[in-house]
Amino acid sequence: MKTAKQQAGSAADIEAAFYEALNRADVEALMALWADDDEIFCIHPGGPRLQGHAAIQASWEAILAQGGLQIRPSQLHETHNLMSAVHTVIEGVTSSGTSEPAHLVATNAYMKTPRGWRMVLHHVSVAPGPVPAVQHASSTSLH
């Protein structure tokens, strides 16, 4: 079920709802966060580019068939304008088979639609090596 926060929230609110839905294995809630457009894309680690609701939903149903994913996004870098937002995050993934969390890098893109902010792209890649240390923004100004 869509909440008022999901309907009128910011891109950051949609992203938080996206990861909550993944953790709960709630495909219906997950798909409600995507734009009503055939020009939406999802790329899972090592997978092909999926386009449109049907292909993206089928992929999430297969991935979440065994239950939710324990993914914790961190180290958010975001770029916004009035109608779009691009977030890059480090995804910490905890598996029952290992004590060390794996990490992935993800790019999530959002567009402002008549229904509010909605996801138009989720692209994830496996990241090599350990989780990078938190980088602080430089105080150097270009202007």
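As a starting point, this report considers the structure included with it. All figures in this text were calculated on a predicted structure; none of them were measured in a lab. (Residues numbered from 1 in each chain as written. Predicted model: local features only at pLDDT ≥ 70, side-chain atom pairs only at ≥ 80, totals over all residues. Heavy atoms only, no water.)

**Looking at helix α2 (residues 11–24)**
Here's step 1: The end-to-end C-alpha distance of α2 is 20 Å, a good match for the 20 Å that 14 residues give at a rise of 1.5 Å each.
Here's step 2: Immediately downstream of α2, the backbone of A25 shows phi near 60°, a positive value. (Helix = DSSP H or I, 4+ residues; strand = E, 2+ residues; numbered from the N terminus. Expected span 1.5 Å × (residues − 1).)

**Brief notes about the pattern of salt bridges**
Here's step 1: Within the structure shown, the criterion is met by two salt bridges.
Here's step 2: Close ionic contact of R24 with D26 constitutes a salt bridge, the shortest N to O distance being 3.3 Å.
Here's step 3: The exposure class of R24 is partly exposed, given its relative accessible area of 48%.
Here's step 4: R115 is the salt-bridge partner of D36, the closest N and O atoms lying 2.8 Å from each other. A residue pair is termed long-range when its members are at least 10 positions apart, and D36 in the loop between α3 (27–32) and β1 (41–43) and R115 in the loop between β5 (102–113) and β6 (116–126) qualify at 79 residues.
Here's step 5: Judged by relative accessible area, D36 falls into the exposed class, the value being 61%. (Salt bridge = Lys/Arg side-chain N within 4 Å of Asp/Glu carboxyl O. Buried < 20%, exposed > 50% of the residue type's maximum accessible area, 1.4 Å probe, protein only.)

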